[in-house]
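Each chain, letter by letter, is given below.
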Amino acid sequence: MPDRIESFVASMAIQPGDRVLEIGCGHGIAATLVCQKLNTGRYVAVDRSLKMIAAAEKRNRAFVAAGIARFLQSTLEHLDLGEERFDKVFAMRVRLFHDQPELAHKLAERWLTADGALFVQYDEPT
Ligand SMILES: C[S@@+](CC[C@H](N)C(=O)[O-])C[C@H]1O[C@@H](n2cnc3c(N)ncnc32)[C@H](O)[C@@H]1O
């Protein structure tokens, strides 16, 4: 478990009832940490890669089976979650947040509740 993921998830102070959306979940490592903290809350992840979504879903199948987690293939740009809104939205190492931060923030923030919070971290993978 990479330290960077553990410390980033800790910084969000996930509460048991939080509704959480992750953009660009990759292998779903952060997903596991978030879902472990949820009780009545839920976690939704999107990634543009079907391969990554399949891997993340497999890693977190117990949370999917429990109705806590959902994994969807989509880009942030084309995401359609209807009326669903989230207390916390986060993205780690998703290049759009580095290359076009204003656009990326705008696209991510539309899924927040009125008092929700966006958490973004971008550093170059080593
Ligand atoms: C470098 S990986 C980081 C994965 C994970 N968040 C981490 O920190 O280990 C970036 C991930 O974001 C996904 N991604 C990149 N641009 C995206 C976009 N515009 N919409 C949705 N997913 C995207 C990629 O498919 C990839 O799985």
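The paragraphs below set out a description of the structure included in this document. (Residues numbered from 1 in each chain as written. Predicted model: local features only at pLDDT ≥ 70, side-chain atom pairs only at ≥ 80, totals over all residues. Heavy atoms only, no water.)

## Considering the site of the ligand
We count it as follows: Distances are taken per atom, and a residue is near a molecule or strand as soon as one of its heavy atoms is within 4 Å of it. Each polar contact in these results corresponds to two N or O atoms within 3.5 Å; when the atoms are within protein, one needs to be able to donate a hydrogen and the other to accept it, and residues that are neighboring in sequence are counted only if both atoms are side-chain atoms. Here the open area of atoms and residues is found with the Shrake-Rupley method and a 1.4 Å probe, where only the protein chains shown may cover a residue. In this analysis, the protein atoms alone were mapped onto a 1 Å grid. Cavities are point sets where a 1.4 Å probe fits without being able to get out; pockets are open sets with protein on both sides within 12 Å along at least five of seven lines; lining residues have an atom within 4 Å of a point. To be counted as sitting in a cavity or pocket, a molecule needs more than half of its atoms within 2 Å of that site's grid points. Put simply, Ala, Val, Leu, Ile, Met, Phe, Trp, Tyr, Cys and Pro go in the nonpolar bin, Asp, Glu, Lys and Arg in the charged bin, and everything else, Gly too, in the polar bin.
Not every one of the 15 residues close to the ligand is listed here, only the nearest: Arg4, Gly24, Asp47, Leu76 and Met92. Between the ligand and the protein, one listed contact pairs a nitrogen atom with a backbone N or O atom of Arg48 at 3.2 Å. Out of a free accessible area of 600 Å², the ligand has 81% covered by protein chains. Taking a 2 Å distance to the grid points as the criterion, the majority of the atoms of the ligand fall inside the largest pocket. Looking at the shell around the ligand residue by residue, the classes come out as four nonpolar, five polar and six charged.

## Some thoughts on the environment of Leu76
Heads up, the condition is: Secondary structure elements are defined from DSSP: runs of H or I of at least 4 residues count as helices, runs of E of at least 2 residues count as strands, and each element is numbered from the N terminus. Pairs of residues are marked as contacts when any of their non-hydrogen atoms sit within 4.5 Å.
Inspection of the secondary structure puts Leu76 in the loop between β3 (69-73) and β4 (86-92). Leu76 sits 42 residues away from Leu118 along the chain, and the two C-alpha atoms are 14 Å apart. Setting aside residues up to four positions removed in sequence, Leu76 forms contacts with Ile23, Leu96, Phe97, Ala104, Leu107, Ala108 and Arg110.

## Regarding the layout of surface pockets
It is the rolling of a water-molecule-sized probe over the atoms that shows where space remains empty. To keep it simple, the criterion reads: Grid points are joined across faces, edges and corners, and a volume is the space filled by probe spheres set on the points.
Approximately 540 Å³ is the volume found for the largest pocket. Residue lining of the largest pocket: 24 residues in total, with Gly24, Asp47, Met92, Arg93 and Val94 positioned closest to the centre. Among the elements of the structure, α1 (3-11), β1 (19-23), α2 (29-37), β2 (42-47) and α5 (96-99) are those that each provide at least two residues to the lining of the largest pocket. Grouping the amino acids of the lining of the largest pocket by side-chain chemistry returns eleven nonpolar, six polar and seven charged.

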